[in-house]
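Topology and contacts: notes
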Amino acid sequence: MKKYNFYAGPSILSPYAIEETAKAVKDFAGTGLSLLEISHRSKEFQAVMDEAQALVKELYDVPEGYDVVFLGGGASLQFCMVPYNLLKKKASYIDTGTWANKAIKEAKLFGEVEVVASSADKNYTYIPKGWKASADSDYFHYTSNNTIYGTETIETPDVPLRLVCDMSSDFMSHPVDISKYDLIYAGAQKNAGPAGVTVIIVKKDVLGQAPRPIPTMLNYETHVKKGSMFNTPPCLPVYTVLQTLKWYKELGGLKALEQRAIERSSMLYDEIDRNKLFVGTAVPEDRSRMNVCFVMAPEYKDLEEEFAAYAKDCGMVGVKGHRSVGGFRASLYNAMPLEGVKALVACMQEFEKKH
């Protein structure tokens, strides 16, 4: 039976990225050595790092004055590094879910944090509107896509501050005007590659402004100056990111990826709205294209476990909702083929017929 991977992360990768990485694990760049054992100082791996950085810039049309670095530690380390490097006295954050909340918690270790708005009052099922960030803040931080609750901010917030974004779960899924941002970070394990590497796009004039001594490994300047090679980078994940970016370019870039995302998510949301058994959890105007969250309709709540088992039997892997909210979640990252969504829709329709 064909299986489809709807896990929220680590998540689906393209067959191309998996196959090319598997080849390199056996023989990397014709060296006769495995990618797992090659020196990161070798000219062969340096070429991988250089090309990966260049492709991020090409696909996002990154203007002059920015650097791309690859670091370990996931987005969770960035929750600390951002305020360590950027927060002088005060920063503004918006609370749209678990990960935004974790970022806020870390920032409070370094200075005053203004939470300009929160959707916690309705279990993060919407994106707050009409808020204003204080003009005296050093930066404004937001999380563009909220994997657990299925909400997404597509339009770039208009704030007169340095702009920082955690794009971990919708990175490379639609065009973005990078010039509006001062720092973007994204854990790779959703849309860019496997777990173990984080992509950072940082404006050069952000660097060196911190009012405090910064440990060497937590200073963005360290990694920019050394081209992500200050210490041994996560070589295999970086290589897989490169293969993923090559595939994205072959598909037609971010505009093509956005159209695919709209098509996939619209198909599934249409079925959720039509099917009497299911109810979407996020408000329609803020629904995520990446993480479609839904529950059983109240009168069919007792069918939740049955549907979870049925979906698994149909080859739908990873559709159970996050443990903190329950229900169901279908993650539709870039590598998810349309046939996977069609298969899930068919599964939901067959289950409806049974009841």
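Residues numbered from 1 in each chain as written. Predicted model: local features only at pLDDT ≥ 70, side-chain atom pairs only at ≥ 80, totals over all residues. Heavy atoms only, no water.

Any two packed helices are characterised by the angle at which their axes cross and by the distance between the axes. In the contact formed by helix α1 (residues 15-26) and helix α6 (residues 235-251), the axes pass within 9 Å of each other and the chain directions differ by 140 degrees. By the angle between their axes, α1 is oblique relative to α6. In this structure, α1 crosses over α6, and the sense of that crossing is right-handed. Residues Y16, A17, E20, T21, A24 and V25 of α1 form the contact with α6, whose participating residues are L236, Y239, T240, Q243, T244, K246 and W247. Residues that form the contact of α1 with α6 fall into these classes: seven nonpolar, four polar and two charged. (Axes fitted to C-alpha atoms, helices over the stretch in contact; angles between N-to-C directions. Helix = DSSP H or I, 4+ residues; strand = E, 2+ residues; numbered from the N terminus. Parallel < 35°, antiparallel > 145°, perpendicular 65-115°, else oblique. Left-handed = near helix turned anticlockwise from the far one by under 90°. Contact = heavy atoms within 4.5 Å. Nonpolar A, V, L, I, M, F, W, Y, C, P; charged D, E, K, R; others polar.)

When its volume is computed, the largest pocket comes out at roughly 720 Å³. Residue lining of the largest pocket: 32 residues in total, with A8, G9, K190, H322 and R329 positioned closest to the centre. Elements represented by at least two residues in the lining of the largest pocket include exactly α3 (74-86), α4 (98-107), α8 (304-313) and β13 (316-317). Counting residues per element, the lining of the largest pocket draws most heavily on α3, which supplies four residues. (1 Å grid on protein atoms, 1.4 Å probe; cavity = no way out; pocket = protein on both sides within 12 Å on 5 of 7 lines; lining within 4 Å. Points joined across faces, edges and corners; volume = space filled by probe spheres on them.)

Under the 1.5 Å per step criterion, the end-to-end length of helix α9 (residues 338-354) is 25 Å for 17 residues, consistent within 8% with the ideal 24 Å. Those residues of α9 not exposed but buried are G340, V341, L344, V345, C347, M348, F351 and E352. Along the axis of α9, the buried positions cluster into a sector of 155 degrees, meaning they face one direction only. Along α9, the residues that are exposed and aim more than 90 degrees away from the buried face are K353 and K354. (Expected span 1.5 Å × (residues − 1). Buried < 20%, exposed > 50% of the residue type's maximum accessible area, 1.4 Å probe, protein only. Arc of directions from axis to C-beta.)

It is worth spelling out the environment of H174 at this point. Positionally, H174 belongs in the loop between β8 (162-166) and β9 (183-187). When sequence neighbours within four positions are dropped, the list of residues in contact with H174 reads Y60, E152, I154, L254, E258 and R289.

On to the packing of aromatic side chains, then. One pair of aromatic rings is described through two measures. These are the centre distance and the angle between the planes. Under the criterion given, the structure shown has 16 aromatic pairs. When the ring of F278 is compared with that of F307, the centres are 4.9 Å apart and the planes differ by 65 degrees; the resulting orientation is edge-to-face. Taken together, the residues span a long stretch of sequence, with F278 in strand β11 (residues 278-280) and F307 in helix α8 at a distance of 29 residues. Of the two residues, F278 and F307, both sit in the buried class. The interplanar angle of 90 degrees and the centroid separation of 5.1 Å between the aromatic rings of F307 and F328 together place this pair among those described as edge-to-face. Of this pair, F307 sits in helix α8 while F328 sits in strand β14 (residues 328-331), placing them 21 residues apart in sequence. A residue is classified by how much of its surface remains accessible, and F307, at 1% relative accessible area, is buried. By way of ring pairs, the aromatic residues F278, F294, F307, Y310, F328 and F351 are connected into one cluster. Above the face of the Y126 ring, K122 is positioned so that its terminal group lies 6.0 Å from the ring centre. (Phe/Tyr/Trp six-rings, centres within 6.5 Å; stacked < 30°, edge-to-face > 60°. Lys NZ or Arg CZ within 6 Å of the ring centre and 35° of its normal.)

Time to look at the side chain of R287. If you trace the backbone, R287 turns up in the loop between β11 and β12 (291-296). Excluding anything up to four places from it in sequence, R287 contacts G150, E152, Y269, D273, G280 and A282.

Okay, the sheet that holds β14 next. An order of β11-β12-β14 is seen for the three strands of this open sheet, with the pairing classed as antiparallel. Of all strands in the sheet, those bounded by a partner on one side alone are β11 and β14. Across the sheet, the axes of successive neighbouring strands diverge by a mean angle of 35 degrees, strand direction being ignored. As defined by bridge partners, β11 adjoins β12 across three bridges and the pair is classed as antiparallel. From the neighbouring strand, F278 faces β12, where its bridge partner is M296. (Pairing = 2+ DSSP bridges.)

A separate point is empty space enclosed by the protein. One pass over the structure, following the stated rule, counts two cavities of 30 Å³ or more. Of the voids in this model, the largest cavity is the one considered here, and its volume is about 60 Å³. Forming the walls of the largest cavity are Y60, Y142, S144, T153, I154, T156, M167, D170, M172, H174, V176 and Y181. Here the residues of the lining of the largest cavity sort into seven nonpolar, four polar and one charged. In this structure, the second largest cavity occupies an estimated 40 Å³ of space. Along the walls of the second largest cavity sit I12, L13, S14, K190, N191, T244, W247, Y248, Y333, N334 and A335, which together make up its complete lining.

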